Number of protein chains: 2
Amino acid sequence: MLSLMVVFCMARSPIGQTGTVHSLLKNVRALLGDSAVLDELTAAHGADSGSLRVEPTDTQGVSAVLRACAEAEVAVVPEGGGSGLVGGAGPQPFPHVLLSTRRLQTLEHRSGEPAARVGAGVTLAELERSLAPTAWRYGIDFGARDQATLGGTITTNAGGSGVFRFGTTRQQVLGLEYVLADGTVVSDLSPLMKDNTGLSLQDLIIGSEGILAIVTQASIRLWPRPEHRATVLAGFPDLDAALQASRVAARSVPIEAIEFMDGACLSAVAQHTSVAHPLEGHGAALLLESAHDDQTVALAALHDWIDATSPSATAAATDRADRARLWAFREGIVPAITARSSFPLLKFDLTLPQESLAGFLDWCTTQFGDAAWQFGHAADGNVHLNLTDVAQGERGAISDTVYRQVCALSGSVSAEHGIGRYKVAALAQQRTSAELSLMRGIKQVFDPKGILNPG
Amino acid sequence: MLSLMVVFCMARSPIGQTGTVHSLLKNVRALLGDSAVLDELTAAHGADSGSLRVEPTDTQGVSAVLRACAEAEVAVVPEGGGSGLVGGAGPQPFPHVLLSTRRLQTLEHRSGEPAARVGAGVTLAELERSLAPTAWRYGIDFGARDQATLGGTITTNAGGSGVFRFGTTRQQVLGLEYVLADGTVVSDLSPLMKDNTGLSLQDLIIGSEGILAIVTQASIRLWPRPEHRATVLAGFPDLDAALQASRVAARSVPIEAIEFMDGACLSAVAQHTSVAHPLEGHGAALLLESAHDDQTVALAALHDWIDATSPSATAAATDRADRARLWAFREGIVPAITARSSFPLLKFDLTLPQESLAGFLDWCTTQFGDAAWQFGHAADGNVHLNLTDVAQGERGAISDTVYRQVCALSGSVSAEHGIGRYKVAALAQQRTSAELSLMRGIKQVFDPKGILNPG
């Protein structure tokens, strides 16, 4: 959903003149009908920007819009569910067509098959609801499931809590349908787990943040749905102890989620939601979930882990509603700390190697004190550092400091949410000039006019 | 390991003149020392071909060879373990440097880490031996493990028997080091499970068959090593019944391998190895293996499956040597039928959608009768069809017939072994002109002189 285009800037004649966009609007209305052109965003972008927003209902509609835009040389910015954190799909600084894939709502699942064919506009929550009665489930899940669409998660190669067990979104996509900048539809939706024919264009487009093509549909792999789940929230004196305990859990196959959070996050959620704090006074906590067809096995995995790591307190649940109450301590962190901050949260999405993770979190505490809220996915080293009360003028310098520290520790400045517009400078820190040059060359191959997602 | 270059042909001045290769040989000897230039292959390729074979011992050596070759405009053909099936690494029709990665033998694994850093020349068997004392194992395994190198398996995105559980090689690679055609080394070996920074060049290079870069090292993810394994060989009246039963097994998480073979394959192995046939008279068999830390759970998975599918006979084992005897009925098929064929086997590596798999195997039997030997990985629809007694003159037409049938059933002509030189025509059948044009553009970005793996 995002944009690498400051890095990928192409020589290009000025595009998106008001007149052009207005005549394009007329063409698109003629192609798709009024209902697909939801808003003429002129007001939002200033009187002369002439941008518009379209919501095609099928792949042919996406193709028609892209063909029209390519002919008129108007930029196209794709939009998924809007849950991204890096400023990809927000207002852009020039006239463009905002192309929403939200109405691409196909969903085919043949009974018994470990694969489904799903439109880019289906949210993760809608996908889960439709698979719930079957023996299968999707491998990606995270807190923004009601908002995040399959297309958006593919475009950003989203992660979530089960990555150490099932891999990222890239590992879930068997086949892909996408539309190139000139409107050409490439559709390879065969659900084959093994298919090595030519270069993997599909894997290049996954995670490309909308700069190479617009994803319209995917064949995704499904995993067996375990019948039973058990969840435990376990207290530790500090993050270091919690992370050590998390590494024991990563070896136990029934354990599918290992989330960490500092004690301040727990307290913030308890206060915000007015529920009793289950682990009062602990410096850190882990939330573990195990899943298995046999409830004894699911529970045994958690008991074995508790025996091996001796957390100082635990709260456990097997029932759906009780598990949700425990998960709320992890998924409720962002709303709870948003409510406390006098400025928008300064959010980071970082991965650290296991051996540097505890040291990095210590560094954050020293550097930012009470402003730092630390939580994330322990098993894959993915830290969602959030800072409260950071004024606009300080955000750039603080981000630079964090990204420099992450790079120094061989981590990644973008675990799950991509580069977007917020992290373009950091990308240049993390990738060599040879890599950036190859990326620019590939962008030129896919989109010689630089139509897709400039920004 | 292979070559897409008939498809990717570039305008290029004639390269590899005898004089050029000989002076290159001198330069490479000076750079790497005599020991790295193993054979001057002049004899093998005809007196005037002037090819040579080099075996650098580190990444800098690979870089030096590529830089020298790029300057001299001499083609480079990479060579891994030599277990490929599509004619990638065999003798080439023009002068070139054969660059073996076999001596890139680094192997670092920090105790307790679910990742390792491994040189391209390490074989899957060597990797397994070094991990055997640890709590971790690699996710890819197949019969050619003694010969296949990590570099070769990455270059071809190899599969094997555990793909339905762990994914293909692409899903095992966390970080990659590779050398571009001009000698530039790109090294991103951080073992991060989540890292979305820029376009995924790494995923483009995995499976690219050596036409974009030479892989020298990788950070691979490791999986928990279950303490117990149980194997069962189960007889069914025919392939259709066996495949139906395989689909039940795919849902049981402890089951990690579901291999199928027709009755003739079983008989051939029994005769070739002079062991008693455990399932005499059965038209087809499945070999299942389950793995778990708890032996009861591993065995229960197999018993549950037997109860659910009622195979007409079974042979089971939990002990290492007994399991190997059962696996020999699957892994011994190729040597057993090679011994029966008056011509080299005509081998296919195909994936079919689950719903077309049984129908395709029926078609093969009708089409080729006793010459057809059918086996493969049931859970991911990967058929290793082998034909005995096919004379040279008939091979092209028969291959075309098979590939056409596979494409008509929405399958893939290359599951695990890539396109190589044998399947270039079939690639054009399976990919659209838009896709082929993008692939050509990408090849041009990575290798403008067309040095890497032409053929």
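Residues numbered from 1 in each chain as written. Chains lettered and ligands numbered in written order. Predicted model: local features only at pLDDT ≥ 70, side-chain atom pairs only at ≥ 80, totals over all residues. Heavy atoms only, no water.

Caption draft 1: Representation of the overall build of chain A within the structure. Helix and strand counts for chain A come out as 16 helices and 21 strands. Partitioning the intrachain contacts of chain A with sequence separation of at least 6 by distance along the chain shows that 74% fall at a separation of at least 24. Total accessible area on chain A is roughly 16000 Å²; 51% of this is exposed by carbon and sulfur atoms. (Helix = DSSP H or I, 4+ residues; strand = E, 2+ residues; numbered from the N terminus. Contact = heavy atoms within 4.5 Å. Areas by Shrake-Rupley, 256 points an atom, 1.4 Å probe, with all protein chains shown as cover.)

Caption draft 2: Focus on the packing of aromatic side chains. Residue and element names in this part refer to chain B. Under the defined criterion, the tally for this structure stands at ten aromatic pairs over all chains. With centroids separated by 5.7 Å and ring planes inclined at 75°, the aromatic side chains of Phe348 and Tyr403 adopt a geometry described as edge-to-face. Residue Phe348 is found in the loop between strand 16 (346-347) and strand 17 (350-351), and its partner Tyr403 is found in helix 14 (residues 392-408); the two are separated by 55 residues along the sequence. In this structure Phe348 comes out as buried when scored by relative accessible area, which is 2%. (Phe/Tyr/Trp six-rings, centres within 6.5 Å; stacked < 30°, edge-to-face > 60°. Buried < 20%, exposed > 50% of the residue type's maximum accessible area, 1.4 Å probe, protein only.)

Caption draft 3: Representation of the sheet that holds strand 8 (residues 173-179) of chain B within the structure. Residue and element names in this part refer to chain B. Pairing in this open sheet of five strands is antiparallel, and the strands run 5-6-10-8-9 from one edge to the other. The sheet is open, and its two edges are formed by strand 5 (107-108) and strand 9 (185-188), each paired on a single side. Examined bridge by bridge, strand 8 and strand 9 share four bridges and lie antiparallel to one another. Paired with Leu176 across the two strands is Asp188, which belongs to strand 9. (Pairing = 2+ DSSP bridges.)

Caption draft 4: Quick peek at the packing of helix 8 (residues 239-249) of chain A against helix 13 (residues 354-368) of chain A. Residue and element names in this part refer to chain A. Interaxial distance between helix 8 and helix 13 falls to 9 Å at its minimum, and their mutual angle equals 160°. As far as their axial angle goes, helix 13 and helix 8 are roughly antiparallel. When you trace helix 8 past helix 13, the crossing you get is right-handed. Along its contact with helix 8, which presents Leu239, Asp240, Leu243 and Arg247, the element helix 13 presents Gln354, Leu357, Ala358 and Leu361. Here the residues of the contact of helix 8 with helix 13 sort into five nonpolar, one polar and two charged. (Axes fitted to C-alpha atoms, helices over the stretch in contact; angles between N-to-C directions. Parallel < 35°, antiparallel > 145°, perpendicular 65-115°, else oblique. Left-handed = near helix turned anticlockwise from the far one by under 90°. Nonpolar A, V, L, I, M, F, W, Y, C, P; charged D, E, K, R; others polar.)

Caption draft 5: How the structure looks around the environment of Ala234(A). All names here are of chain A. Its location among the elements puts Ala234 in strand 12 (residues 228-236). A sequence separation of 45 residues divides Ala234 from Leu279, and the C-alpha atoms of the two residues are 7.7 Å apart. Among all residues touching Ala234, those that are not within four sequence positions of it are Leu279, Ala284, Ala285, Leu286, Trp305, Pro311, Ala313 and Thr314.

Caption draft 6: Layout of the relation of the copies chain B and chain A. Of the two same-sequence chains, chain B is brought onto chain A (RMSD 0.0 Å, axial shift 0.0 Å) by a rotation of 180°. Classification of the inter-copy transformation places it as that of a two-fold axis. Comparing contact sets, 99% of the residues at the interface of chain B also lie at the interface in chain A, consistent with an isologous, same-surface contact. (Least-squares fit on C-alpha atoms with pLDDT ≥ 70 in both.)

Caption draft 7: Expanded view of the pairing of strand 10 (residues 214-221) of chain A. Residue and element names in this part refer to chain A. Extensive coverage of strand 10 is indicated by the burial of eight of its eight residues. Here six bridges tie strand 8 (residues 173-179) to strand 10, and the two strands are oriented antiparallel to one another. Considered in strand 10, the bridge of Glu177 is made with Gln217.

Caption draft 8: Here's a closer look at the nonpolar core. Core analysis: the biggest nonpolar cluster contains 74 residues, and Phe446(A) and Phe446(B) have the highest contact counts within it. Ignoring any residue separated from it by four or fewer positions in sequence, one finds Phe446(B) in contact with Leu438(A), Ile442(A), Leu180(B), Ala181(B), Leu201(B), Leu204(B), Ile205(B) and Leu212(B). Counting 47 residues, the second-largest nonpolar core is a separate cluster that includes Val232(B), Leu288(B), Ala301(B) and Trp363(B). (Core = buried A, V, L, I, M, F, W, Y, C linked by side-chain atoms within 4.5 Å.)

Caption draft 9: Structural context of the sheet that holds strand 21 (residues 386-387) of chain B. All names here are of chain B. Pairing in this open sheet of three strands is antiparallel, and the strands run 16-21-18 from one edge to the other. At either end of the open sheet lies a strand with only one pairing partner, and these are strand 16 and strand 18 (372-373). Sheet topology note: the strand 18/strand 21 ladder contains two bridges and is antiparallel. Across the sheet, Trp373 pairs through a bridge with Asn386, a residue of strand 21.

Caption draft 10: Focus on unusual backbone geometry. With a phi angle near 60°, Ser410(A) is a residue other than glycine that sits in the positive phi range. Assignment of secondary structure puts Ser410(A) in the loop between helix 14 (392-408) and helix 15 (424-430). A relative accessible area of 43% places Ser410(A) in the partly exposed class. A positive phi angle, close to 50°, is found at Asn157(B), a residue other than glycine. Along the polypeptide, Asn157(B) turns up in the loop between helix 5 (150-155) and helix 6 (163-166). A relative accessible area of 5% means that Asn157(B) is categorised as buried.

Caption draft 11: Geometry of the interface of chain B and chain A. Opposite the 75 residues of chain B that make contact, chain A presents 76 residues. Around 6200 Å² of area is buried between chain B and chain A when both sides are counted, 62% of it from carbon and sulfur atoms. In this structure, the connection of chain B to chain A is made through eight salt bridges. With a closest N to O distance of 3.1 Å, Asp203(B) and Arg170(A) form a salt bridge. The tally of links between chain B and chain A comes to nine residue pairs in polar contact (both at pLDDT 80 or more). Sorting the residues of the side of chain B that touches chain A by element identifies helix 6, strand 9, helix 7 (201-205), strand 11 (223-224), helix 13 (354-368), helix 15 (424-430) and helix 16 (433-446) of chain B as the ones contributing at least two each. In terms of residue count, helix 16 of chain B provides more of the side of chain B that touches chain A than any other element does, eight residues in total. (Buried area = accessible area lost by both parts, 1.4 Å probe. Salt bridge = Lys/Arg side-chain N within 4 Å of Asp/Glu carboxyl O. Polar contact = N/O pair within 3.5 Å; in protein donor to acceptor, adjacent residues only side chain to side chain.)

Caption draft 12: Up close: helix 10 (residues 295-309) of chain A. All names here are of chain A. Its 15 residues place the ends of helix 10 22 Å apart at the C-alpha level, agreeing with the 21 Å of an ideal helix rising 1.5 Å per residue. Listed in full, the buried residues belonging to helix 10 are Val297, Ala298, Ala301, Leu302, Trp305 and Thr309. One face of helix 10 carries all of its buried residues, which in axial projection span an arc of 140°. Among the exposed residues of helix 10, those pointing more than 90 degrees away from its buried face are Thr296, Asp304 and Asp307. Where helix 10 begins, the capping side chain belongs to Asp294, and its oxygen is found 2.9 Å from the backbone nitrogen of Thr296. Following helix 10 by one or two positions, Ser310 has its phi on the positive side, about 45°. (Expected span 1.5 Å × (residues − 1). Arc of directions from axis to C-beta.)

Caption draft 13: Geometry of the pattern of salt bridges. Counted according to the given criterion, the structure contains 40 salt bridges over all chains. With a shortest N-O distance of 2.8 Å, Arg229(A) and Glu289(A) are connected by a salt bridge. Within this pair, whereas Arg229(A) is found in strand 12, its partner Glu289(A) is found in strand 14 (residues 284-292), the two being separated by 60 residues in sequence. For Arg325(B), the salt bridge goes to Asp322(B), with nearest N and O atoms at 2.5 Å.

Caption draft 14: Geometry of the side chain of Asp262(A). Secondary-structure assignment places Asp262(A) in strand 13 (residues 255-262). When residues no more than four places from it in sequence are discounted, the contact partners of Asp262(A) are Leu239(A), Gly283(A), Ala284(A), Ala372(A), Trp373(A) and Gln374(A).

Caption draft 15: Spotlight on helix 11 (residues 320-331) of chain A. Residues and elements named next belong to chain A. Its twelve residues place the ends of helix 11 15 Å apart at the C-alpha level, agreeing with the 16 Å of an ideal helix rising 1.5 Å per residue. Taken together, the buried positions of helix 11 are occupied by Arg323, Leu326, Trp327, Phe329 and Arg330. Buried residues of helix 11, viewed axially, fall in a sector of 140°; they line one side.

Caption draft 16: Representation of the packing of helix 8 (residues 239-249) of chain B against helix 10 (residues 295-309) of chain B within the structure. Residue and element names in this part refer to chain B. Where helix 8 meets helix 10, the closest approach of the two axes is 10 Å, and the angle between their N-to-C directions is 135°. By the angle between their directions, the pair helix 8 and helix 10 is classed as oblique. The hand of the helix 8/helix 10 crossing is right-handed. Residues Ala245, Val248 and Ala249 of helix 8 touch helix 10, and the partners they reach there are Trp305, Ala308 and Thr309.

Caption draft 17: Spatial organisation of the environment of Gln105(B). All names here are of chain B. You can see Gln105 is positioned in the loop between strand 4 (97-100) and strand 5. Given a relative accessible area of 38%, Gln105 falls into the partly exposed group. When the C-alpha positions of Gln105 and Val118 are compared, they lie 7.3 Å apart, and in sequence the two are 13 residues distant. In terms of polar contacts, Gln105 uses its side chain to reach the backbone carbonyl oxygen of Arg102, at 3.0 Å. In this structure the side chain of Gln105 is engaged in a polar contact, spanning 3.1 Å, whose partner is the backbone oxygen of Gly121.

Caption draft 18: Looking closely at the confidence of the model for chain A. Residue and element names in this part refer to chain A. On average, residues of chain A score 85 in pLDDT, and 84% of them are at 70 or above. In this model, residues 40-48 is a region of pLDDT below 50 whose contacts with residues beyond four sequence positions or in other chains number 18 contacts. Taken together, the stretch residues 85-91 has pLDDT below 50 and engages in 24 contacts with residues farther than four places along the chain or on a different chain. (pLDDT = per-residue confidence, 0-100.)

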